[in-house]
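Residue-level structure breakdown
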Amino acid sequence: MIRTALLTLFMAAAPALADGPATADFARERLAMPQVTLIDQYAREQAFHGPLTDGQMLVINFNYTTCESICPIGNDVMAELDDMLPIDAPVRLLSITIDPGRDTPAHMRKAADTFGASERWSWLTGTPGEVSRLLAAFDADFANIVLHDPVFIVGDLQSERFYRSQSIPEAQELADLVASLIR
Amino acid sequence: MRGLFLAALLFLGTASMAQDGHEMFTGQAAVADPAGERSLIRFPCHTCHGRDGQGGIEGDVPPIEWSRLSVASADRPGYGADTFHRAVTEGIAVDGRPLSRLMPRYALNRAETDTLRAYLGRLHEIQRRGVLSDRLRIGVATIPGAAEISDGYRAALAKSLSERLGGDRVYGRQIELVPVDATQPGEAHDLLAVIGLPVAAVNPFTQLGLPVLAPVGALSGNEDSSILRGITPSRDALHAALAAEVATKGQRPILVVSQDPAQRSAFALALSLAAPDRAQTDHAKEAEDIVVLDASPLPQNSAARVWITWQSLAARSTTAAPDQTIMVAIETPRIVSDAITAQTHPIQIHAQEAGAVLAEALKAAGRDVTRARLLRALGDTVLVDIGLDYARFPLTGTEEIAVVPMP
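Residue positions are given per chain, counting from 1 as you read along its sequence in written order. To read the labels, note that chains go from A and ligands from 1, taken in the order they are written. The predicted origin of the model limits local features to residues at a pLDDT of at least 70 and limits the giving and counting of side-chain atom pairs to 80 or more, whereas totals for whole chains, interfaces and linings rest on all residues.

Concerning the overall build of chain B
Our working rule: Under the scheme used here, helices are H or I runs from DSSP no shorter than 4 residues and strands are E runs no shorter than 2 residues, and both carry numbers assigned from the N terminus. Two residues form a contact once the distance between their C-beta atoms, set from the backbone, is within 7 Å.
Within chain B, the regular secondary structure consists of 13 helices and 14 strands. Based on the C-alpha atoms only, the size of chain B along its principal axes is roughly 75 × 55 × 45 Å. Expressed as a percentage of contacts within chain B between residues at least 6 apart in sequence, the contacts between residues at least 24 apart total 55%.

Focus on the sheet that holds strand E1 (residues 135-142) of chain B
Residue and element names in this part refer to chain B. Stated precisely, the cut-off is as follows: Two strands are said to pair when DSSP picks up at least two bridges between them.
Read across the open sheet, the six strands follow the order E2-E3-E1-E4-E5-E6; overall the sheet is mixed. In this open sheet, the two strands that pair with only one neighbour each are strand E2 (169-170) and strand E6 (228-229). Pairing of strand E4 (residues 193-195) with strand E5 (residues 212-213), which is carried by two bridges, proceeds in the parallel orientation. Its bridge partner lying in E5, Val194 is registered against Val212.

Comments concerning helix H12 (residues 346-365) of chain B
Residue and element names in this part refer to chain B. Note the following rule: Multiplying one less than the number of residues by 1.5 Å gives the expected span of a helix. As a rule, residues whose C-beta atom has 12 or fewer other C-beta atoms within 10 Å are exposed, those with 20 or more are buried, and those in between are partly exposed; C-beta atoms are placed from the backbone.
With 20 residues, H12 ought to run about 28 Å at 1.5 Å a step, and its terminal C-alpha atoms sit 28 Å apart, in line with that. Across the 20 residues of H12, 15 count as buried, placing the element largely inside the fold. Directly beyond the C-terminal end of H12, a positive phi value near 90° is found at Gly366.

Re the nonpolar core
For clarity, the cut-off: Joined through C-beta atoms within 7 Å, a set of buried Ala, Val, Leu, Ile, Met, Phe, Trp, Tyr and Cys residues constitutes a nonpolar core. Note: domain ranges come from an automatic or database domain assignment.
Ranked by size, the top nonpolar core spans 85 residues in total, and within it Ala193(B), Val194(B), Ile195(B), Val212(B), Ala270(B) and Val291(B) carry the most contacts. Counting contributing residues per domain, this core is built from domain 2 (135-229 + 345-389) and domain 3 (236-330) of chain B, each supplying no fewer than three. Of all hydrophobic cores here, the second largest spans 49 residues; its members include Ile98(A), Ala117(A), Trp123(A) and Leu124(A).

A short note on helix H2 (residues 70-84) of chain A
The first and last C-alpha atoms of H2(A) sit 22 Å apart over 15 residues, in line with the 21 Å expected at 1.5 Å per residue. Of all 15 residues in H2(A), 11 are buried; the element is thus mostly enclosed. Burial in H2(A) covers these residues: Ile70(A), Cys71(A), Pro72(A), Ile73(A), Gly74(A), Asn75(A), Val77(A), Met78(A), Ala79(A), Leu81(A) and Asp82(A). Against the buried residues of H2(A) lie strand E4 (57-63), strand E5 (91-97), strand E6 (121-124) and helix H5 (171-182) of chain A together with helix H2 (45-49) of chain B.

A short note on the interface of chain B and chain A
The criterion, for reference: Ten residues, namely Ala, Val, Leu, Ile, Met, Phe, Trp, Tyr, Cys and Pro, are considered nonpolar, four, namely Asp, Glu, Lys and Arg, are considered charged, and the remaining ones, Gly among them, are considered polar.
Each partner contributes residues to the interface: chain B has 19 residues there, and chain A has 17 residues. Mapped by element, the contributors of at least two residues to the side of chain B that touches chain A are H2 and helix H9 (261-274) of chain B. Examining the composition of the side of chain B that touches chain A, we find that three residues originate from one element, H9(B), more than from any other. In terms of residue class, the side of chain B that touches chain A is made up of 12 nonpolar, three polar and four charged.

What to know about the UniProt feature "binding site: Cu cation" (unreviewed entry) in chain A
All names here are of chain A. The test is simple: UniProt positions are given in the numbering used here, feature names are shortened, and annotations may be inferred rather than shown by experiment.
Following the UniProt record, the feature "binding site: Cu cation" (unreviewed entry) maps to Cys67 and Cys71 here. Checked against the element boundaries, Cys67 lands in the loop between E4 and H2. Overall, the presence of 24 C-beta atoms within 10 Å leaves Cys71 in the buried class. Apart from the residues lying within four places of it in its own chain, the contact partners of Cys71 are Asn63 and Tyr64.

Here's the deal with the packing of helix H4 (residues 81-90) of chain B against helix H5 (residues 110-127) of chain B
Residue and element names in this part refer to chain B. Basically, it comes down to this: Interaxial angle, 0 to 180 degrees, is taken between N-to-C directions of lines fitted to C-alpha atoms, where a helix line uses only the stretch in contact. What sets the label is the angle itself: under 35 degrees gives roughly parallel, over 145 gives roughly antiparallel, 65 to 115 gives roughly perpendicular, and the rest give oblique.
Where H4 contacts H5, the two axes come as close as 10 Å, and the packing angle between them is 105°. In terms of orientation, H4 lies roughly perpendicular with respect to H5. Of the residues in H5, those in contact with Ala81, Phe84, His85, Val88 and Thr89 of H4 are Arg110, Thr113, Asp114 and Arg117. In terms of residue class, the contact of H4 with H5 is made up of three nonpolar, three polar and three charged.

Concerning the sheet that holds strand E7 (residues 254-257) of chain B
Residues and elements named next belong to chain B. Ordered in space as E8-E7-E9-E10-E11-E14, the six strands form an open sheet in which the pairing is mixed. Two strands bound the open sheet, and with one partner strand each, they are strand E8 (280-281) and strand E14 (402-405). Note that strand E9 (residues 289-292) and strand E10 (residues 305-309) share four bridges and pair parallel. Note that in E10 the partner of Val292 across the bridge is Ile308. Packing against the sheet, helix H8 (residues 235-247) makes contact with E7, E9, E10, strand E11 (326-330) and E14, and its axis sits at approximately 160° to E10.

Quick look at the structure:
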């Protein structure tokens, strides 16, 4: 009951978006994701197609924990969004490393703690091969991690319908998009 | 006389404003931080634009030295005080276009943006302190009351530098090693960098914008590698390696002891990451392995095996039972083994390695060396012969430790 009420309030706050986002800041794409096994910040194995993502609207960013310039700004947007979303909203935030060679689960946990990540926000690393396959599917496999774009992707694995940010979004824009998609 | 007084006031005012500008630029200033805003403390200028304000390729961040901002470029007019204020606070460029969304909008008043702008005007000079036409002035820490050790450290550093550079010059400039009192950071303001500071003395130097290389002791692991580069593992790395070692030694309850709850919690997490099924306990009597992270008293359980870092062992006053097994984590195994081989004091080996790192940084930084370039130049440096890899471990170059039973 409480969950329903919270979701109703959350969606009521979003603008009416009959067919996707109202702004031009997100490009619509169809993306089929491979099954890969990742490791979260608690050192738990997570199948990308599995309980982590089933029935969840995903908000995804890509970062690496030793990045001190643009990554913290993207993570801050995720943190704001994490705070905005109702606690029971069927939304999962995923921060996927683009530097699996160095980003151990311990490093991911430390970064997650720094940004006050809630249970819904998973920080994912894994073997370089598995992470690379996933990044390639998201078209986020940057040849040089320093040149990575501050891209955000919103969507769900079941519909394979995703929205890619064209520039770093505001947390409210992400919240509005998410609300329109789970309506 | 009155003129002199006014000149002194003016000078002091300028110095104060410049320092405030540095604190704003590096996120140390207590500037406005409204709830929900991205403040300078959380997102200081230097993390994206660089400590020299030259910008960066990550995020395609532009240079912001005032000499660059204030003149017109191919795609925009030059900034003035008003347009700079609008850019910083509202995210509107000088030509009226919105700035990148990666650029935070800061809640600063006009006096604050004026101070920041004045600092950007001085960045070029500040970054080249210690860089003279004929020499580079680099500080080497001295330990009060230990002149012989300090002199020996500086001599070993000079010898190592000379061996690595083929002389005492780099790009035609002589390297002048200047003794620096580790308790007087203000006296080092005109140096390019400082070497060999005790870890506890580092912060006041880096807060002034002075690069620090090869401090003596373990860094915490949270420091900023754009202003500080070590040559031995950080405390975080030491604890992570120790946790992995403890976790792989059997399925027995482990007790973690520290006066700092955060340290204890972080170590317990590292243990659970290394061995999720390994039991942990809060009760000394149940524990079969006890990890002591600081100078805390040893819990009463003589049957337990004790794991402790070398630094903590040296700092403790309590002793273990005579037949108790003590495993010691040494954070500088390379330096210790080299010292044993060379039959010299480990601090001499530290100086040699510091010299090797400084030589590489100076060579890689190039002829137009600056404070920021000196440390940035270490970014891809790998020194195979002394086991340092700054591409993998930007802050310390290494995470190698050794755990050995105490004889």
